[in-house]
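# Reading the structure
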Amino acid sequence: MKKPALPKNEKTRLHTLHSLDILDTPAEERFDRLTRLAQRMFETPIALVSLVDENRQWFKSCIGLDVRETPRDISLCGHAILGEDVFMVPDATKDERFADNPLILSGPKLRFYAGCPMKYMDGSKLGTLCIIDTEPRVLTDKDLGLLKDLTELAESELAAIQMAKLDDLTKIPNRRGFISLAQNSLNLCARKKIPTSIVFFDLNGFKLINDKYGHTEGDAALTIFANHMITTFRESDVIARLGGDEFVALLTDATHEIANDIVMRLQQSVEKYNRSASRGYDILFSAGIVSVDYENDYSIGMLLKKSDSMMYERKHESP
């Protein structure tokens, strides 16, 4: 039996998968509808929406199997996510990669497999929409096209999950998205006591921008600030717009000093923009930095509360 290799972007792929918070969640009609369609269209006993985690493949939707996950080492979906096109095995008993696979020798005794990789918006292949039969078979070109079409629908549903966590205006995570992404990052850092800091931002004088220049200009100011955050913070940091004129950033592997340096770079970037933009107003902000203390409560809710308080202290200290 040949175990599936790891994709070259495995670290990023897993981060993207976990950021969706979809693993180990209840069945949903939008995915079950697709597996029902696949089962009917291809007349197979088994159809799955499979997500490939670090050590397992977990089924978000499953028709024809009485399990919700299997080890990744014996999964055919683990092989399917390595390619760009449909991965098809006409008869697994005659394929040296799978002939002695436990899923073929016992249990469901699979013979035929066809899985189309589900690509996410960042290009990561998170899993497959696959069909399985206990008899050998081969898909026609028309069938392959239909399976790809169904997979595109599954990809759209995955994208919809993420879009619910994005701020419509700035296109960075919203409060819901931040809490999910940040808590996952924080839990990983806590295991190895990696220094982490959180920064709470509030735009100064934002109400005046709206009142004097209009809400369209206010929206532009929010978007400009978000873009400066994107270009200043590191890819490993989690940034978000919490709502209104409030923003936040979680910096992993960052002491208070490192976080302060990055905030200063953001300050310089925004000041440079203010000098060149001549919009009639300046984008100004206050920031509160809190370093994570793993010996005490380090929930995202508590960290937001502490950094918010710190931000207001700094705001009141400003001239």
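Residues numbered from 1 in each chain as written. Predicted model: local features only at pLDDT ≥ 70, side-chain atom pairs only at ≥ 80, totals over all residues. Heavy atoms only, no water.

### Description of the environment of Arg33
Here is the rule we go by: Going along the chain from the N terminus, every DSSP run of H or I of four or more residues is numbered as a helix, and every run of E of two or more is numbered as a strand. Remark: exposure states derive from per-residue accessible area (1.4 Å probe, protein chains only) relative to the maximum for the residue type, with buried under 20%, exposed over 50%, and partly exposed in between.
In this structure, Arg33 sits in helix H2 (residues 29-42). Accessibility expressed as a relative area gives 35% for Arg33, which makes it partly exposed. Spatially, the C-alpha atoms of Arg33 and Asp261 are 50 Å apart, while their sequence positions differ by 228 residues.

### Quick notes on the sheet that holds strand E2 (residues 56-63)
Here is the rule: Here, any two strands with at least 2 DSSP bridges between them count as paired. All axes are obtained by fitting lines to C-alpha atoms, using only the stretch in contact for helices, and the reported angles, taken between N-to-C directions, cover 0 to 180 degrees. By the convention used here, residues are in contact when the closest approach between their heavy atoms is within 4.5 Å.
Read across the sheet, six strands follow the order E3-E2-E1-E6-E5-E4 without closing on themselves; strand pairing throughout is antiparallel. Since the sheet does not close on itself, it has two edges, and those belong to strand E3 (69-71) and strand E4 (87-89), each with one partner. Direction aside, the axes of adjacent strands within the sheet are offset by 25 degrees on average. Note that strand E5 (residues 112-119) and strand E6 (residues 125-133) share eight bridges and pair antiparallel. Bridge assignment links Cys116 to a residue of E6, and that residue is Leu129. Relative to E5, helix H5 (residues 141-163) is tilted by about 40 degrees, and along the sheet it contacts E5 and E6.

### Focus on the nonpolar core
Worth spelling out the cut-off: Throughout, nonpolar core names a set of buried Ala, Val, Leu, Ile, Met, Phe, Trp, Tyr and Cys residues whose side chains join them through atoms within 4.5 Å.
Membership of the largest hydrophobic core comes to 29 residues, with the highest contact counts inside it found for Phe201, Phe225, Met229, Phe233, Phe247, Ile283 and Phe285. Contributions of two or more residues to this core are made by strand E7 (196-204), helix H7 (206-213), helix H8 (215-232), strand E9 (246-252), helix H9 (256-277) and strand E10 (284-291). Once residues lying within four places of it in the same chain are set aside, the contact partners of Phe233 are Phe201, Ile239, Ala249, Leu251, Ile262 and Leu266. With 28 residues, the next largest nonpolar core counts Leu17, Leu23, Ala47 and Ile161 among its residues.

### Considering H9
For clarity, the threshold we go by: Residue count minus one, scaled by 1.5 Å, sets the expected span of a helix. The arc in question is formed by the directions pointing from the helix axis toward the C-beta atoms.
The first and last C-alpha atoms of H9 sit 31 Å apart over 22 residues, in line with the 32 Å expected at 1.5 Å per residue. Every buried residue of H9 is listed here: Ala259, Ile262, Val263, Leu266, Val270, Tyr273 and Asn274. End-on, the buried residues of H9 take up no more than an arc of 125 degrees, which puts them together on one face. Exposed side chains of H9 directed beyond 90 degrees from the buried face belong to Glu257, Gln268, Lys272, Arg275 and Ser276. Packed against the buried residues of H9 are E7, H8, E9 and E10. Phi turns positive one or two residues past the end of H9, at Ser278, with a value near 50 degrees.

### A word on the pattern of salt bridges
Close approach of charged atoms lets side chains of opposite charge pair. The test is simple: Salt bridges are counted wherever a side-chain nitrogen of Lys or Arg sits within 4 Å of a carboxyl oxygen of Asp or Glu.
Counted by the stated rule, this structure contains 22 salt bridges. The salt bridge involving Asp167 is made with Arg241; its shortest N-O contact spans 3.2 Å. Residue Asp167 is located in the loop between H5 and helix H6 (175-191), and its partner Arg241 is located in strand E8 (residues 238-243); the two are separated by 74 residues in the primary sequence. For Asp167, a relative accessible area of 12% gives the class buried. Overall, the relative accessible area of 13% leaves Arg241 in the buried class. For Glu217, the salt bridge goes to Arg279, with nearest N and O atoms at 2.6 Å. Of this pair, Glu217 sits in helix H8 while Arg279 sits in the loop between H9 and E10, and the two are 62 residues apart along the sequence. Within the structure, one salt-bridge network assembled from shared partners comprises Glu28, Arg30, Arg33, Lys60 and Glu157.

### Description of the packing of aromatic side chains
Let me state the cut-off plainly: We call Phe, Tyr and Trp rings a pair once their centres come within 6.5 Å, taking the six-membered ring for Trp, and we label the pair stacked below 30 degrees between planes, edge-to-face above 60, and tilted otherwise. Here, a charge over a ring means that NZ of Lys or CZ of Arg falls within 6 Å of the ring centre while also lying within 35 degrees of the ring normal.
Applying the stated criterion across every chain yields a total of nine aromatic pairs. When the ring centre of Phe112 is taken as reference, the NZ or CZ atom of Arg137 above it lies at 5.5 Å.

### Notes on the packing of helix H1 (residues 10-19) against H6
As a reminder of what qualifies: For classification, angles of less than 35 degrees are called roughly parallel, those exceeding 145 degrees roughly antiparallel, those between 65 and 115 degrees roughly perpendicular, and all remaining angles oblique. A clockwise turn of the near helix away from the far one marks a right-handed crossing, whereas an anticlockwise turn of less than a right angle marks a left-handed crossing.
As a packed pair, H1 and H6 sit with axes 9 Å apart at the nearest point and diverge in direction by 130 degrees. For the element pair H1 / H6, the angle class is oblique. For the element pair H1 and H6, the recorded crossing hand is right-handed. Where H1 abuts H6, its residues His15, His18 and Ser19 lie against Ser180, Leu181, Asn184 and Ser185.

### Digging into the packing of H7 against H8
Short version of the rule: Put simply, Ala, Val, Leu, Ile, Met, Phe, Trp, Tyr, Cys and Pro go in the nonpolar bin, Asp, Glu, Lys and Arg in the charged bin, and everything else, Gly too, in the polar bin.
At a closest axis distance of 7 Å, the pairing of H7 and H8 adopts a crossing angle of 145 degrees. Contacts between H7 and H8 involve Phe206, Ile209, Asn210 and Tyr213 from the former and His215, Glu217, Gly218, Ala221 and Leu222 from the latter. Of the residues that constitute the contact of H7 with H8, the class distribution is five nonpolar, three polar and one charged.

### Remarks on the sheet that holds E7
Taken in spatial order, the four strands make up an open sheet running E8-E9-E7-E10, and their pairing is antiparallel. Looking at which strands have only one partner, the edges of the open sheet turn out to be E8 and E10. The mean angle between the axes of side-by-side strands here comes to 20 degrees, regardless of whether they run parallel or antiparallel.

### Things to note about H8
The terminal C-alpha atoms of H8, which comprises 18 residues, lie 26 Å apart, in line with the 26 Å expected from a rise of 1.5 Å per residue. Those residues of H8 not exposed but buried are Glu217, Gly218, Ala221, Leu222, Ile224, Phe225, Ala226, His228, Met229 and Thr232.

Purely geometric stuff here, so don't read any function into it on its own.
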